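An overview of the molecular structure
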Amino acid sequence: LRASGIPRLIVADIAGDGTRYLIEAAPEGRQIAVWVRRHESHDTEASLKAIQAIGRVFAECAKVGLFHGDIIPERDLWLDTEGKPQIRGIGALQITGLDRLPAHNDHAAPERRYGEPFDQRADIFSLGSVLCELTRGILLPTGDPSRAAHNRRGAELLLERALERATAKSAGERFATWEEFLEA
């Protein structure tokens, strides 16, 4: 996939033992996690702009059937030297055949934690969870937005509703497409 916001793929191959693998170009810039730490005020407007830009990259990938499924901000979400988002690992689980293994990270959608089939709604959940962290300064590891309702830190009601829908435990209750999520 050649798209703005996706690192250049160097190699995608199958090893002698049958293991599939891929190697991406090393990202240039800084991790989003570093950006978050520097914005201790949890600037809602800046966070929304960053998430919208990242969401547009995810939407472009979803159009060709590639999903991430295992977003870890410290590993996968970067800002390039111009401040544009870069996402590592798009399609990696599908290419390597590991897309049925459970994900074990704070931003994984419930279906990913159980190793169930997933689609773009799992990535919408993950990015919604990252947005919760950016705007509220807290993680929602259980996928339960009501857990943090008392700690809104000034986020607007529309943002709250979008986050609740994006991080719904049931995939059927989440936004069905990136376009719906980004418009919310």
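Summarised in this report is the structure supplied together with it. Along each chain, the written sequence defines residue order, and numbers are assigned to residues from 1. Given that this is a predicted model, residues contribute local features only at a pLDDT of at least 70 and side-chain atom pairs are listed and counted only at 80 or more, while totals for whole chains, interfaces and linings are drawn from all residues. Side-chain metrics rest on all non-hydrogen atoms present in the structure, leaving aside hydrogens and water.

Here, nonpolar core refers to any group of buried Ala, Val, Leu, Ile, Met, Phe, Trp, Tyr and Cys residues whose side-chain atoms link them within 4.5 Å. Throughout, exposure labels follow a simple rule: accessible area from a 1.4 Å probe, protein chains only, divided by the maximum for the residue type, with under 20% read as buried, over 50% as exposed, and the rest as partly exposed. Core analysis: the largest hydrophobic core is formed by 32 residues, its most contacted members being F58, L77, L127, W178 and F181. Secondary structure follows DSSP: runs of H or I at least 4 residues long count as helices, runs of E at least 2 residues long count as strands, and numbering of each begins at the N terminus. At the level of secondary structure, the elements contributing two or more residues to this core comprise α2 (44-62), β4 (77-79), α6 (120-136), α7 (157-166) and α8 (178-183). It is α6 that provides the largest number of residues to this core, a total of eight residues. In what follows, a contact means two residues having at least one pair of non-hydrogen atoms within 4.5 Å. Leave out the neighbours within four places in its chain, and F58 touches H68, I71, I87, I90, D123, L127 and W178.

A word on the environment of L158. Examined against the element boundaries, L158 turns out to sit in helix α7. Along the sequence, L158 and A184 sit 26 residues apart, while their C-alpha atoms lie 7.5 Å from each other.

Glancing now at the pattern of salt bridges. Note on definitions: salt bridges are taken to be side-chain nitrogens of Lys or Arg within 4 Å of carboxyl oxygens of Asp or Glu. Using the criterion set out here, one finds five salt bridges in the structure. Measuring nitrogen to oxygen at the nearest pair gives 3.3 Å for the salt bridge that ties K84 to E82. Relative accessible area serves as the criterion here: at 45%, K84 is assigned to the partly exposed category. Its salt-bridge partner being E111, residue R174 comes within 2.7 Å of it at the nearest N-O pair. Here R174 is found in the loop between α7 and α8, whereas its partner E111 is found in helix α5 (residues 110-113), with 63 residues between them in sequence.

Right, let's get into α7. For α7, the set of buried residues is L159, E160, A162, L163 and A166. Along the axis of α7, the buried positions cluster into a sector of 165°, meaning they face one direction only. Away from the buried face of α7 by more than 90 degrees, exposed residues L157, L158 and R161 are located. As used here, the arc is the angular range of directions from the helix axis to the C-beta atoms.

Attention now moves to the sheet that holds β4. Spatial strand order, β3-β4-β5: three strands in an open sheet with antiparallel pairing. Either end of the sheet is taken by a strand with one partner, and the two such strands are β3 (30-31) and β5 (85-87). Between any two strands, at least two bridges found by DSSP are needed for them to pair. Of the strand pairs in this sheet, β3 and β4 are connected by two bridges, and their pairing is antiparallel. By the bridge assignment for β4, Q31 is matched with W78.

Our next topic: the packing of aromatic side chains. Stacked, tilted and edge-to-face are the three classes assigned to paired rings of Phe, Tyr and Trp, where Trp is represented by its six-membered ring and a pair needs centres within 6.5 Å; plane angles under 30 degrees give stacked, over 60 edge-to-face, the rest tilted. Counted according to the given criterion, the structure contains four aromatic pairs. With centroids separated by 5.9 Å and ring planes inclined at 65°, the aromatic side chains of W178 and F181 adopt a geometry described as edge-to-face. You can see W178 and its partner F181 sitting in helix α8, three residues apart, about one turn around the helix. One aromatic cluster is present, formed by F58, F175, W178 and F181 through successive ring pairs. Taking the ring centre of F118 as reference, the NZ or CZ of R112 above it sits at 4.8 Å. Only when the NZ atom of a Lys or the CZ atom of an Arg is both within 6 Å of the ring centre and within 35 degrees of the ring normal do we say a charge sits over the ring.

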